[in-house]
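Structural overview
Next come the chains, spelled out residue by residue.
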Amino acid sequence: MKALKFAVLAGDGIGPEVMEVTLEILEQVLGKAGYAMDAEAAPVGGAAIDQVGKALPEATIRVCEAADAILFGSVGGPKWESLPPAEQPERASLLPLRKHFQLFANIRPGLLYPELVAASPLKTERIPEGIDMVCIRELTGGIYFGQPKERRELPDGDVEALDTMVYKKSEIERIAEVAAQTALVRGKRVCSVDKANVLTTSVLWREVVTAFFKEKYPQIGLSHMYVDNAAMQLARNPNQFDVLLTENMFGDILSDEMGIVCGSLGMLCSASLGLGNNSLGNPFGLYEPAGGTAPDIAGQGIANPCAQILSAAMMLRFSFGLDDLATRIEAAVRETVQSGVRTGDIAFGLEPVNTRAMADAIINRLKSKG
Ligand code: IPM
Ligand code: MG
């Protein structure tokens, strides 16, 4: 592999700020290991609406298609909130990207370092060693994309709207496989979350997941939980979970809850892996921080860059097969946080540093290591 080819979609708000330093960090790590970087930037989200009138321009899709992965910043902001919902940056760029590239597997690590337990709204005694879990969310099926999806006027003048929750056995099996692979290199436990006491899709989900693990992964401890209970358990004792496996909408909700339980959104990264392999034979994927555009601090250069940097590490691991370099970045981030060099969201009484200084500290650690 000569150059790593990926698309850079920085987007809005703090996206471009944290992306800039993340690219420097990638350059540092890759350069040292003898790799070049072929990173092509393209507009997305509100920035793209402003430039070309569309949140996901055709040209941006083409840049992504020509790449082996997408490094995504964040999209949206107050400026575009008055647009019709379907044209707003989040819905009009992220959802079509997921659909276009069949990014069916959303991997969201819930990692809270022991030294940051104060960042969690949970009492420290509930999570003395921090948190280490992963949410595996199905991302291209269920009620987000099921058809029909429409709004109609009824003969009596009333109005109704309709979304369809639908899952195929094959869709459930392929996301179960991702959960199994994730669990195998962790605690070997999967908790599958559904609403099988009410929903037909969930009855199928539970049946398929049960049969799948029994046949293919008997060594993994599988449990099931209703989604309402899972929401409660996440707030009560998150460390009972190793890998959470769930469908699209439940995963949307639970992963946000997991995010806040793990403290600062500024630390949460994610990967959305596609069906097809990239030109290297690895999964194509979109890698993005979970925290959003943070319009309140955008433009000030004080955002926490860690979620974006850790998302880039996931990109190296999954789409480029460079596990050792990913681990190196993750270690440098962790050591930097441990050393007390921290942005405001995770400073807790320490003197906060800005985005630039935090990134420099991470780069220096990477430079000083073999
Ligand atoms: C997420 C987001 C998206 C979702 C929105 C922005 C469409 O909340 O990635 O979790 O609902 O999936
Ligand atoms: Mg969400």
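Residues numbered from 1 in each chain as written. Chains lettered and ligands numbered in written order. Predicted model: local features only at pLDDT ≥ 70, side-chain atom pairs only at ≥ 80, totals over all residues. Heavy atoms only, no water.

Before going further, it helps to spend a moment on the site of ligand 1. Surrounding ligand 1, one finds Glu90, Leu95, Arg98, Arg108, Arg137, Tyr144 and Asp252. Taking Asp252, its side chain carries an N or O atom lying 2.9 Å from an oxygen atom of ligand 1. Contact with the protein chains covers 75% of the free accessible surface of ligand 1, which is 320 Å². Its atoms largely coinciding with the cavity grid, ligand 1 occupies the second largest pocket. Considering every element that reaches the shell around ligand 1, the biggest residue donor is helix α4 (residues 89-100), with 3 residues. A breakdown of the residues in the shell around ligand 1 according to their chemical character gives 2 nonpolar, no polar and 5 charged. Here the shell around ligand 1 spans two domains, and each of domain 1 (1-104 + 262-370) and domain 2 (121-261) adds at least three residues to it. (Near = heavy atom within 4 Å. Polar contact = N/O pair within 3.5 Å; in protein donor to acceptor, adjacent residues only side chain to side chain. Areas by Shrake-Rupley, 256 points an atom, 1.4 Å probe, with all protein chains shown as cover. 1 Å grid on protein atoms, 1.4 Å probe; cavity = no way out; pocket = protein on both sides within 12 Å on 5 of 7 lines; lining within 4 Å. Sits in = over half its atoms within 2 Å of the grid points. Helix = DSSP H or I, 4+ residues; strand = E, 2+ residues; numbered from the N terminus. Nonpolar A, V, L, I, M, F, W, Y, C, P; charged D, E, K, R; others polar. Domains from an automatic or database assignment.)

Glancing now at the pattern of salt bridges. What the rule picks out here adds up to 20 salt bridges. A salt bridge links Glu177 to Lys216, with the shortest nitrogen-to-oxygen separation between them at 3.0 Å. Residue Glu177 is located in helix α5 (residues 169-184), and its partner Lys216 is located in helix α6 (residues 200-216); the two are separated by 39 residues in the primary sequence. In this structure, Arg186 and Asp242 form a salt bridge, with 2.8 Å as the shortest nitrogen-oxygen distance. Residue Arg186 is located in the loop between α5 and β8 (189-194), and its partner Asp242 is located in the loop between α7 (227-236) and β10 (243-246); the two are separated by 56 residues in the primary sequence. (Salt bridge = Lys/Arg side-chain N within 4 Å of Asp/Glu carboxyl O.)

Spatial strand order, β2-β1-β3-β12-β11-β4-β5-β10-β8-β9: 10 strands in an open sheet with mixed pairing. One side of each edge strand has no neighbouring strand; the edge strands of this open sheet are β2 (36-41) and β9 (221-226). The sheet shows a mean angle of 20 degrees between the axes of neighbouring strands, direction not considered. This element, helix α3 (residues 58-65), spans β1 (3-11), β2, β3 (70-74) and β12 (283-289) of the sheet and lies at about 150 degrees to β1. (Pairing = 2+ DSSP bridges. Axes fitted to C-alpha atoms, helices over the stretch in contact; angles between N-to-C directions. Contact = heavy atoms within 4.5 Å.)

The next subject is the nonpolar core. The biggest cluster of nonpolar side chains holds 87 residues, and the ones touching the most others in it are Phe213, Leu245 and Leu316. For this core, the element with the highest residue contribution is helix α9 (residues 306-318), accounting for 8 residues. In terms of domain composition, this core takes at least three residues from each of domain 1 (1-104 + 262-370) and domain 2 (121-261). When neighbours within four sequence positions are excluded, Leu316 is seen to be in contact with Leu4, Leu26, Leu30, Gly321, Leu322, Leu325, Ala326 and Ile329. If you look at the next biggest cluster of nonpolar residues, it comprises 18 residues, including Ala7, Leu56, Ala67 and Phe101. (Core = buried A, V, L, I, M, F, W, Y, C linked by side-chain atoms within 4.5 Å. Buried < 20%, exposed > 50% of the residue type's maximum accessible area, 1.4 Å probe, protein only.)

Moving on, we get to the domain arrangement of the protein chain. As assigned here, the protein chain comprises domain 1 (1-104 + 262-370) and domain 2 (121-261). For domain 1 versus domain 2, the distance between C-alpha centres works out to 25 Å. For the pairing of domain 1 and domain 2, the buried interface totals around 1200 Å² over both sides, and the portion due to carbon and sulfur atoms is 67%. Contact with domain 2 buries surface across domain 1, with Arg98, Phe104 and Cys262 losing the most and accounting together for 55% of the total. Where domain 1 meets domain 2, there are 0 salt bridges. (Buried area = accessible area lost by both parts, 1.4 Å probe.)

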